[in-house]
Amino acid sequence: MANEDFVDGVILVDKPTGCTSHDVVNVVRRRFGLRKVGHCGTLDPEASGLLLLVLGKATKLSDQLMGDDKTYVGTFKLGETTDSYDADGEITQISPVPPISLAELNRYAVTFEGDQMQIPPMVSAVKVKGVALHKLARRGIEVERRSRLVYIYRYEILNYESPSGDFILSCSKGVYVRSIVHDMGQKIGCGAHLTHLRRIASGPFCVDNAISLEVIKDFSREDLKERVLPPITLQKMLLNLQ
């Protein structure tokens with residue numbers, strides 16, 4: 001039987017699209033015979049990028065790591081509203097896209113910076129009375145959701161060619177980026193949804209230092225040990241952020 005404590009620490013994974021964050025956890029757990037594996041900050045199935053996996057005793061640092069600020073890059077499409085606020089959902093409204101410049105888009109974007117009270121979308125993992133909202137949404141049930149305070153440090157539209165554009169967004173934990181895109185579409189008056197999302201940073205960690213899931217699948221135990229950041233290193237990095 002594999003020893004669950006043969007490694008403790010964090011490994012930075014570049015999550016691919018088409019799988020859940022829990023899928024990534026399960027792959028690593030089964031591949032290396034580990035019992036204590038968790039992730040810090042869920043990515044939607046069709047989102048890619050940086051996912052922090054905590055292994056062994058480092059699972060105790062999960063809450064601290066999950067609280068780190070995040071940075072994303074993504075793509076939006078104006079003129080179409082979906083029930084999930086992203087491309088996975090059903091289109092609920094199609095509207096003509098007005099002529100709008102990159103400068104005008106950024107005037108809308110900057111209004112989201114700072115404190116925001118955000119209501120989680122119905123298609124999300126947030127639970128109400130123990131039931132995930134997305135399960136209720138699939139049954140056609142919409143319930144009242146409690147808004148929560150989040151913070152947007154930067155929201156900038158990088159380029160735009162109607163009806164789509166790319167953006168970068170830096171924010172506190174718990175932000176639904178697709179909600180920001182949806183709300184911007186409502187402000188513009190034509191609707192919008194998220195078509196692509198990639199997390200590029202979480203706290204001091206960058207996706208450039210992450211390892212693809214396919215590569216990790218071929219790791220030996222020694223390979224994993226070499227790439228894991230030990231708890232003492234993590235604690236020093238967290239202290240430097242304070």
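Since this is a predicted model, take the numbers as computed values, not measurements.

Procedures and definitions
- Residues numbered from 1 in each chain as written.
- Predicted model: local features only at pLDDT ≥ 70, side-chain atom pairs only at ≥ 80, totals over all residues.
- Heavy atoms only, no water.
- Helix = DSSP H or I, 4+ residues; strand = E, 2+ residues; numbered from the N terminus.
- Buried < 20%, exposed > 50% of the residue type's maximum accessible area, 1.4 Å probe, protein only.
- Phe/Tyr/Trp six-rings, centres within 6.5 Å; stacked < 30°, edge-to-face > 60°.
- Lys NZ or Arg CZ within 6 Å of the ring centre and 35° of its normal.
- Core = buried A, V, L, I, M, F, W, Y, C linked by side-chain atoms within 4.5 Å.
- Contact = heavy atoms within 4.5 Å.
- Salt bridge = Lys/Arg side-chain N within 4 Å of Asp/Glu carboxyl O.
- Lys, Arg positive; Asp, Glu negative; His and termini not counted.
- Polar contact = N/O pair within 3.5 Å; in protein donor to acceptor, adjacent residues only side chain to side chain.

Caption draft 1: Fine view of the environment of Arg31. Along the chain, the position of Arg31 falls in helix H1 (residues 21–32). Given the relative accessible area of 37%, Arg31 is considered partly exposed. For the pair Arg31 and Phe219, spaced 188 residues apart in the sequence, the C-alpha separation amounts to 8.8 Å.

Caption draft 2: Local environment of the packing of aromatic side chains. Inspection of every chain in the model, using the stated rule, returns 4 aromatic pairs. Look at Tyr155 and Phe167: their rings are 5.7 Å apart centre to centre, the planes differ by 80°, and that puts the pair in the edge-to-face class. Within this pair, whereas Tyr155 is found in strand S10 (residues 148–161), its partner Phe167 is found in strand S11 (residues 164–171), the two being separated by 12 residues in sequence. Phe167 carries the same exposure label as Tyr155, and that label is buried. Pairwise contacts between aromatic rings join Phe112, Tyr155 and Phe167 into one cluster. Of note, Lys187 hangs over the ring of Phe112, and the distance from its end group to the ring centre comes to 4.5 Å. The aromatic ring of Phe6 is capped on one face by Arg221, whose charged end is 4.2 Å from the ring centroid.

Caption draft 3: Layout of the nonpolar core. Core analysis: the biggest nonpolar cluster contains 27 residues, and Phe76, Leu78, Leu105, Tyr155, Ile157, Phe167 and Leu169 have the highest contact counts within it. Ignoring sequence-local partners within four residues, the contact set of Tyr155 consists of Asn106, Ala109, Val110, Phe112, Glu113, Phe167, Ile168, Leu169, Ile180, Val181 and Met184. In terms of nonpolar packing, the next biggest core, distinct from the first, is built from 21 residues, Cys19, Val27, Ile211 and Phe219 among them.

Caption draft 4: Structural detail: the side chain of Ser62. Position of Ser62 among the secondary structure elements: in helix H2 (residues 62–66). You can call Ser62 buried: its relative accessible area is 13%. Look past the residues within four positions of Ser62 in its chain and what remains in contact with it is His39, Cys40 and Val54.

Caption draft 5: Expanded view of the pattern of salt bridges. Per the counting criterion, the structure on display carries 6 salt bridges. A salt bridge links Arg178 to Asp44, with the nearest nitrogen and oxygen atoms 3.0 Å apart. One end of the pair, Arg178, is in helix H5 (residues 177–188); the other, Asp44, is in the loop between strand S2 (37–40) and strand S3 (48–55), with 134 residues separating them in the sequence. The class of Arg178 is buried, set by a relative accessible area of 5%. Across the salt bridge formed by Glu214 and Lys217, the nearest N and O atoms sit 3.0 Å from each other.

Caption draft 6: Focus on the side chain of Lys15. With respect to the helices and strands, Lys15 occurs in strand S1 (residues 9–15). Glu46 provides the closest opposite charge to the buried, unpaired Lys15, separated from it by 7.2 Å. Among the polar contacts listed, one links the side chain of Lys15 to the backbone oxygen of Cys19, at a separation of 2.8 Å.

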